[in-house]
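# Analysis of the macromolecular model
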Amino acid sequence: MNAFLVVFAIFFLAEHILDYWLTWLNTRHVRSHANEVPSYFRDRISLEDYQKSVRYTLDKAKLGVAASLIGIPILWSMILSGFFGMVDLWVRSWGFSSIPTGVIFLGIMSALFYAVSLPFNLYSTFVIEQKYGFNKMTFELWLLDFAKGLLLSIVIGVPVLCGVLWFMDRYGQSYWWLYVWMLLALVQFVITTVFPVLIVPLFNKLTPLETGSLRSRIEAIAEKVRFKISGVFTMDGSKRSTHSNAYFAGMGRFRRIVLFDTLVKTLSESEIVAVLAHEMGHNLKKHVRTGLLLGLGASFVALFVLSRIIHAPWFYEAFGFRAASSYAALFIFAKASGSFTFFLEPLFSMLSRKHEYEADRFATEAMGTQQPMIQGLVKLTQDNLSNLTPHPLYSFFYYSHPTVMERISALENV
Ligand SMILES: [Zn+2]
């Protein structure tokens with residue numbers, strides 16, 4: 001038995017047992033609170049809406065469990081049967097050089113794993129989201145999105161992958177991992193910068209927010225907190241879903257504020273301004289930069305670790321490969337690393353929640369009152385059917401945002 005495979009299996013098992021246990025705790029907790037609206041929300045959210053949010057939470061949890069009960073046996077039978085090695089030999093037999101062989105192999109694997117998750121994605125959109133009135137997407141739009149996404153990953157993903165494989169093959173004995181890291185950092189920087197200008201418009205229509213009181217109030221608060229903006233836009237999010245959101249995207253002169261049309265419809269002007277002040281807080285308090293740097297640090301460590309094991313035969317044998325290759329190394333690493341880093345997840349969630357509290361506080365100070373932020377949070381919770389009663393351990397482990405109640409309590413005590 002391959003020792004690496006045994007260690008991976010142990011981590012994988014631990015990851016999924018912990019995940020199932022947390023999910024079980026959470027659903028039990030939600031069920032046991034289902035008969036009564038939590039006290040703070042009692043005169044703000046009706047029992048009917050609250051119970052709808054309970055059913056929505058439970059339906060999503062069930063789908064998640066079903067997806068992993070199907071996905072896990074498929075992954076492990078592929079690993080143990082030597083399937084990956086067979087596909088690798090088959091692709092190699094076509095006689096291409098190593099980079100095209102790698103692109104084809106990874107393309108086949110992405111298609112296979114995409115196919116396994118596809119029924120669950122479709123079920124989520126067209127059954128669950130539909131049932132709760134969120135989904136506005138037609139099947140034609142879904143197909144069009146799929147085609148655009150595929151084209152985008154070919155146009156951007158394939159050249160980047162070729163670059164990565166080239167560095168790995170050319171500098172395999174020395175600093176390939178450092179060059180790959182620099183390449184990925186550069187790609188990430190470019191994509192983040194142009195995202196709202198080149199990528200978002202492929203899927204959505206961005207319209208400059210018309211001049212009027214909302215726009216002047218947004219510009220006034222941006223000026224007050226000294227936040228540079230180069231455009232406030234609304235986006236037709238409603239053509240896919242009624243879930244609402246707002247975000248900043250892009251860097252430098254491409255930086256945009258994007259408001260979903262659904263958000264503009266639901267929230268009052270002050271509430272929207274408060275939500276945006278919160279987002280500005282993330283920027284000005286350097287949360288966005290911290291997040292980017294942490295991501296870069298994580299990929300630096302990950303590539304370094306891979307560089308230490310990439311020449312070991314046991315690494316490839318564990319997943320049934322008969323020969324070493326750069327693309328097989330990337331593939332195994334992508335499939336296995338999540339189980340080893342899963343246990344670090346609460347650390348990132350904790351940092352993220354700390355940032356959320358800071359941004360809420362920032363918004364309150366910028367607005368001079370916490371009321372619009374609190375009212376906005378209550379409305380968004382209600383409209384998105386957010387879970388009001390997550391189990392504390394579940395939210396501690398997974399939640400990137402504090403629970404609504406935690407945020408409101410913190411805001412009331414500012
Ligand atoms: Zn936030």
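These notes cover the structure that comes with them. All chains use their own residue numbering, which begins from 1 and follows the written sequence. It should be noted that, the model being predicted, local features are given only for residues of pLDDT at least 70 and side-chain atom pairs only at 80 or more, the latter also being counted only at that level, while totals for whole chains, interfaces and linings use all residues. Here the side-chain values reflect all heavy atoms present in the structure, with hydrogen atoms and water set aside.

## Re the coordination of the zinc ion
Let me state the cut-off plainly: Coordinating donors are taken as N, O and S atoms within 2.8 Å of the metal, stretched to 3.2 Å for Na, K and Ca; because water is absent from the atoms, sites can appear incomplete. When four donors show all angles between 85 and 135 degrees the site is tetrahedral, when four or six donors have opposite pairs over 155 degrees and all other angles between 65 and 115 it is square planar or octahedral respectively, and in every other case it is irregular. Strands are runs of DSSP state E lasting at least 2 residues, helices are runs of H or I lasting at least 4, and numbering of each runs from the N terminus. For the exposure calls, accessible area comes from a 1.4 Å probe over protein chains only, and a residue counts as buried if that area is under 20% of its type's maximum, exposed if over 50%, partly exposed in between.
Donor atoms from the polypeptide that bind the zinc ion are H278 (NE2), H282 (NE2), E356 (OE) and E356 (OE), placed at 2.1 to 2.7 Å. Around the zinc ion, the four donor atoms are arranged such that angles at the metal cover 52 to 136 degrees; this shape is classified as irregular. In primary sequence terms, the donor set of the zinc ion follows H-x3-H-x73-E. Of this pair, H278 sits in helix α9 (residues 269-284) while E356 sits in helix α13 (residues 345-367); the two residues are 78 residues apart in sequence, bridging distant segments of the chain. Residue H278 is classed as buried on the basis of its relative accessible area of 4%. Classification of E356 as buried rests on a relative accessible area of 6%.

## What to know about unusual backbone geometry
Even without being a glycine, K286 presents a positive backbone phi close to 65 degrees. Here K286 lies in the loop between α9 and α10 (287-309). You can call K286 partly exposed: its relative accessible area is 42%. Residues other than glycine seldom take positive phi values, yet L385 does so here, at roughly 50 degrees. The topology assignment puts L385 in the loop between α14 (371-383) and α15 (392-398).

## Considering helix α1 (residues 3-32)
Cut-off, in case you're wondering: One less than the residue count of a helix, multiplied by 1.5 Å, gives the span that helix is expected to have.
In this model α1 runs 43 Å from its N-terminal to its C-terminal C-alpha over 30 residues, within 8% of the 44 Å that 1.5 Å per residue would give. Among all positions of α1, only F4, L5, F8, F12, E15, H16, L22, T23, L25, N26, T27 and V30 are buried.

## Regarding the pairing of strand β2 (residues 232-235)
Counted only if it meets this: Two strands make a pair as long as DSSP finds a minimum of two bridges between them.
Neither face of β2 is exposed, since V232 and T234 on one face and F233 and M235 on the opposite face are all buried. With four bridges connecting them, β2 and strand β4 (residues 256-260) associate as parallel partners. The residue of β4 that forms the bridge with F233 is V258.

## As for the environment of R240
Threshold: We call two residues in contact whenever any of their non-hydrogen atoms come within 4.5 Å of each other. Polar contact is the term for a pair of N or O atoms within 3.5 Å; when the atoms are in protein, one must be able to donate a hydrogen and the other to accept it, and sequence-neighboring residues count only if both atoms are side-chain atoms.
Topologically, R240 is positioned in the loop between β2 and β3 (246-249). On a C-alpha basis, the gap between R240 and W142 in space is 8.8 Å, while along the polypeptide they are 98 residues apart. When residues no more than four places from it in sequence are discounted, the contact partners of R240 are F134, N135, K136, M137, L141, D145, F203 and N204. There is a polar contact of 2.6 Å between the side chain of R240 and the side chain of D145. In this structure the side chain of R240 is engaged in a polar contact, spanning 3.1 Å, whose partner is the side chain of N204.

## With respect to the packing of aromatic side chains
The test is simple: In this scheme Phe, Tyr and Trp rings, the latter by its six-membered ring, pair at centre separations within 6.5 Å, and the angle between planes marks the pair as stacked below 30 degrees, edge-to-face above 60, and tilted otherwise.
Tallied over the full model, the rule gives 44 aromatic pairs. Measuring from centroid to centroid gives 5.4 Å for F8 and W76, while their planes differ by 20 degrees, and the two rings are stacked. Of this pair, F8 sits in helix α1 while W76 is found in helix α2 (residues 47-81), placing the two residues 68 residues apart along the sequence. Here the two residues F8 and W76 agree in accessibility, since each one is buried.

## Quick word on the packing of α1 against helix α12 (residues 326-341)
In a packed pair of helices, the relevant descriptors are the angle between the two axes and the axis-to-axis distance. Inclusion rule: Think of each axis as a best-fit line through the C-alpha atoms, taken over the contacting stretch in the case of a helix, with angles from 0 to 180 degrees between the N-to-C directions. Between 65 and 115 degrees an angle is taken as roughly perpendicular, under 35 as roughly parallel, over 145 as roughly antiparallel, and anywhere else as oblique. Crossing chirality is assigned from the near helix's rotation relative to the far helix, an anticlockwise turn below a right angle marking it left-handed and a clockwise turn marking it right-handed.
As a packed pair, α1 and α12 sit with axes 8 Å apart at the nearest point and diverge in direction by 50 degrees. Our classification of the angle between α1 and α12 gives oblique. Considering only the axes of α1 and α12, their crossing is left-handed. Across the interface between the two elements, F4, V7, F8, F11, F12 and E15 from α1 touch I332, K335, A336, G338, S339 and F340 from α12.

## A few points about the side chain of T381
In this structure, T381 sits in helix α14. Residue classification places T381 among the buried positions, given a relative accessible area of 5%. In this structure T381 touches S386, L388 and V404, once residues within four positions along its chain are discounted.

## Some words on the sheet that holds β2
With respect to topology, four strands assemble into an open sheet ordered β1-β2-β4-β3, the strand pairing being mixed. Strand pairing shows two members of the sheet lacking a second neighbour, β1 (206-208) and β3, which therefore form its edges. Each strand of the sheet is rotated relative to its neighbour by a mean of 30 degrees, with strand direction disregarded. With four bridges connecting them, β3 and β4 associate as antiparallel partners. In the sheet register, A246 faces β4, and the bridge partner there is L259. The strands that helix α6 (residues 176-203) touches are β1, β2, β3 and β4; relative to β3, the one it contacts most, it runs at about 120 degrees.

## Let's talk about the side chain of E271
One can find E271 in helix α9. Polar side-chain contacts of E271 include one of 3.0 Å to the side chain of K379. Not counting residues up to four positions away in its chain, the partners in contact with E271 are P372, Q375, G376 and K379.

## Concerning α2
In a regular helix each residue adds 1.5 Å, so 35 residues correspond to 51 Å; α2 covers 51 Å between its end C-alpha atoms and thus fits that length. Following α2 by one or two positions, G82 has its phi on the positive side, about 80 degrees.

## Overview of a nonpolar patch on the surface
This is how the line gets drawn: The patches reported here contain residues having more than 30% relative accessible area and no salt bridge. Joining distances are 9 Å for like charges and 5 Å for nonpolar side chains (Val, Leu, Ile, Met, Phe, Trp, Tyr). Surface accessibility in these figures is a Shrake-Rupley result with a 1.4 Å probe; residues are shielded only by whichever protein chains are displayed. We count a salt bridge whenever a side-chain nitrogen from Lys or Arg sits within 4 Å of a carboxyl oxygen from Asp or Glu.
A surface patch of nonpolar side chains, about 880 Å² in accessible area, is lined by W21, W24, L294, L344, L347, F348, M350, L393 and F396. Among the elements of the structure, α1, α13 and α15 are those that each provide at least two residues to the nonpolar patch. When residues of the nonpolar patch are assigned to their parent elements, the largest contribution, three residues, is made by α13. Mapped onto the secondary structure, F396 falls in helix α15.

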